[in-house]
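# Observations on the three-dimensional arrangement
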Amino acid sequence: MVDLEKAYKIANGFFLDNDYVGVHEIRENADSWLFVPQCKSACYGVANVCIPKNGDEPYVFSTVEPDGAAAWNSATAVSCRNILTK
């Protein structure tokens, strides 16, 4: 099982490696953690990251595609304050 702290580290590392500032927003559903990056300047399309809770490989998803949009819209917002204070 992948907890929020581990998922955050994975997603934030991906974003930093790909020239984003880091994580901007997190959402959760029963199966996964969903992350949206914070851009350094205006973004015209981004690589969102899904971290499956069961330990499967993380993958990039788009909220423009129907499956990605459905997953994002049905997920619950999660605060990352607890992670950032550790």
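As shown above, the structure is provided for reference.
Let us look at the structure shown here. None of the values given here were measured: they were computed from a predicted structure.

### A word on the state of the cysteines
Note: disulfide means a covalent bond formed between the sulfur atoms of two cysteine side chains. In this structure the tally under the stated criterion is one disulfide. Disulfide pairing is shown between C39 and C43; the S-S distance is 1.4 Å. One quick way to see it: the torsion about the S-S bond of C39 and C43 is about -140°, and its sign makes the bridge left-handed.

### Considerations on helix 2 (residues 66–74)
Among the residues of helix 2, G68, A69 and W72 are the ones counted as buried. The arc that holds the buried residues of helix 2, viewed along the axis, is 95°, so those residues lie on one side. For helix 2, the exposed residues set more than 90 degrees away from the buried face come down to P66, D67 and S74. Next to the buried residues of helix 2 lie strand 1 (22–28), strand 2 (32–38) and strand 4 (59–61).

### Let's talk about the pattern of salt bridges
Scanning the model with the defined rule gives four salt bridges in all. Note that K9 and E5 form a salt bridge whose closest N and O atoms lie 3.6 Å from each other. With K9 and E5 both in helix 1 (residues 4–17) and four residues apart, this pair spans about one turn of that helix. Overall, E5 belongs to the partly exposed group, its relative accessible area being 26%.

### Points about the nonpolar core
Core analysis: the largest hydrophobic core is formed by 17 residues, its most contacted members being F15, V23, I26, W33, F35 and I51. Of all the elements in the fold, those that place two or more residues in this core are helix 1, strand 1, strand 2 and strand 3 (48–52). At five residues, helix 1 tops the list of elements feeding residues into this core. Ignoring sequence-local partners within four residues, the contact set of W33 consists of V2, D3, L4, A7, R27, E28, V49, C50, I51, K53 and V78. Of all hydrophobic cores here, the second largest spans six residues; its members include L34, C50, W72 and A75.

### Notes on the packing of aromatic side chains
What describes a pair of aromatic rings is the distance from one ring centre to the other and the angle between the planes of the rings. Inspection of the entire model under this criterion finds two aromatic pairs. Plain terms: the ring middles of F14 and F15 are 5.8 Å apart, the flat faces sit at 65° to each other, and that makes the pair edge-to-face. Under the relative-accessibility criterion, F14 is labelled partly exposed at 28%. Using a relative accessible area of 0% as the deciding quantity, one classes F15 as buried. For the pair F15 and Y20, a centre-to-centre distance of 5.6 Å together with 80° between the ring planes defines the contact as edge-to-face. Take Y20: its relative accessible area is 14%, and that puts it in the buried class. One aromatic cluster is present, formed by F14, F15 and Y20 through successive ring pairs. For K53, the ring lying beneath its charged end belongs to W33, and the centroid distance is 4.5 Å.

Quick notes on the rules
- Residues numbered from 1 in each chain as written.
- Predicted model: local features only at pLDDT ≥ 70, side-chain atom pairs only at ≥ 80, totals over all residues.
- Heavy atoms only, no water.
- Disulfide = S-S within 2.5 Å.
- Buried < 20%, exposed > 50% of the residue type's maximum accessible area, 1.4 Å probe, protein only.
- Helix = DSSP H or I, 4+ residues; strand = E, 2+ residues; numbered from the N terminus.
- Arc of directions from axis to C-beta.
- Contact = heavy atoms within 4.5 Å.
- Salt bridge = Lys/Arg side-chain N within 4 Å of Asp/Glu carboxyl O.
- Core = buried A, V, L, I, M, F, W, Y, C linked by side-chain atoms within 4.5 Å.
- Phe/Tyr/Trp six-rings, centres within 6.5 Å; stacked < 30°, edge-to-face > 60°.
- Lys NZ or Arg CZ within 6 Å of the ring centre and 35° of its normal.

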